[in-house]
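# Structure assessment
Single-letter residue listing:
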Amino acid sequence: MGEELYLTPVTGALIVFAVVVCGHRFRLAWKDQAPGWQRRAWLFGVPAALGLLALGFLPLKV
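What you see is a predicted model, and the numbers here were worked out from it, not measured in a lab. (Residues numbered from 1 in each chain as written. Predicted model: local features only at pLDDT ≥ 70, side-chain atom pairs only at ≥ 80, totals over all residues. Heavy atoms only, no water.)

### So, the overall build of the chain
Here is the rule: In this description a helix means any DSSP run of H or I spanning at least four residues, a strand means any run of E spanning at least two, and both kinds are numbered starting from the N terminus. A radius of gyration in this sense is built from C-alpha atoms; the matching globule rule multiplies 2.2 Å by the number of residues raised to 0.38. We call a residue buried when its accessible area falls under 20% of the maximum for its residue type, exposed when it is over 50%, and partly exposed in between, using a 1.4 Å probe and counting protein chains only.
Looking only at helices and strands, one finds two helices and zero strands in the chain. The C-alpha radius of gyration computed for the chain amounts to 14 Å, which surpasses the reference 11 Å derived for 62 residues by more than 25%, pointing to a less compact arrangement than a globule. Projected onto its principal axes, the C-alpha coordinates of the chain cover approximately 45 × 20 × 10 Å. Out of the 62 residues belonging to the chain, those deemed buried represent 18%.

Shown next, in the form of structure tokens:
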């Protein structure tokens, strides 16, 4: 079952880009703490965490 779960270099690069953008937006929401910042922090933090988990646990197929 695990043989079909892998990342290509392009999808890996796109996930890295998404993690960087979401992580930066998470940090800005946390730092500013404007009204509704918790919702924005969750909105950007969850995709960043899922992307890091995918990069950490899915193999890269070249």
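### With respect to the packing of helix α1 (residues 9-32) against helix α2 (residues 37-57)
Applied cut-off: Throughout, an axis means a line fitted to C-alpha atoms (over the contacting stretch in the case of helices), and angles, computed between N-to-C directions, take values from 0 to 180 degrees. Roughly parallel means an angle under 35 degrees; roughly antiparallel means over 145; roughly perpendicular covers 65 to 115; every other angle is labelled oblique. By convention the crossing between two helices is left-handed if the near helix lies anticlockwise of the far one by an angle smaller than a right angle, and right-handed if it lies clockwise. We call two residues contacting when some pair of their heavy atoms lies within 4.5 Å.
Where α1 meets α2, the closest approach of the two axes is 8 Å, and the angle between their N-to-C directions is 150°. For the element pair α1 / α2, the angle class is roughly antiparallel. Where α1 crosses over α2, the handedness of that crossing is left-handed. For the pair α1 and α2, the contacting residues are Gly-12, Ile-15, Val-16, Val-19, Cys-22, Gly-23, Arg-25, Phe-26, Ala-29 and Trp-30 in the first and Trp-37, Arg-40, Ala-41, Phe-44, Gly-45, Pro-47, Ala-48, Gly-51, Leu-52 and Leu-55 in the second.

### Observations regarding the packing of aromatic side chains
What counts here: Working definition: rings of Phe, Tyr and Trp (its six-membered ring) pair if their centres are within 6.5 Å, and the pair is stacked with planes under 30 degrees apart, edge-to-face with planes over 60 apart, and tilted otherwise. Two thresholds decide whether a charge sits over a ring: the Lys NZ or Arg CZ must be within 6 Å of the ring centre and within 35 degrees of the ring normal.
If you walk through the whole model with that rule in mind, you get one aromatic pair. Sitting over the face of the ring of Tyr-6, Lys-61 holds its NZ or CZ atom 4.9 Å from the ring centroid.

### Some remarks on α2
Quick note on the threshold: What a helix is expected to span follows from its residue count: subtract one and scale by 1.5 Å.
The end-to-end C-alpha distance of α2, which contains 21 residues, comes to 30 Å, matching closely the 30 Å that a straight helix rising 1.5 Å per residue would cover. Within the sequence span of α2, burial applies to Ala-41, Phe-44, Gly-45, Ala-48, Gly-51 and Ala-54.

### A few points about a nonpolar patch on the surface
Keep this limit in mind: The patches reported here contain residues having more than 30% relative accessible area and no salt bridge. Joining distances are 9 Å for like charges and 5 Å for nonpolar side chains (Val, Leu, Ile, Met, Phe, Trp, Tyr). The protein chains shown are the only cover counted for residues, whose accessible areas, like all others here, come from Shrake-Rupley with a 1.4 Å probe. Salt bridges are defined as contacts in which a side-chain nitrogen from Lys or Arg sits within 4 Å of a carboxyl oxygen from Asp or Glu.
On the surface, a cluster of nonpolar side chains totalling about 610 Å² of accessible area is made up of Trp-42, Val-46, Leu-50, Leu-53 and Phe-57. Summarising the element assignment, Phe-57 is placed in helix α2.

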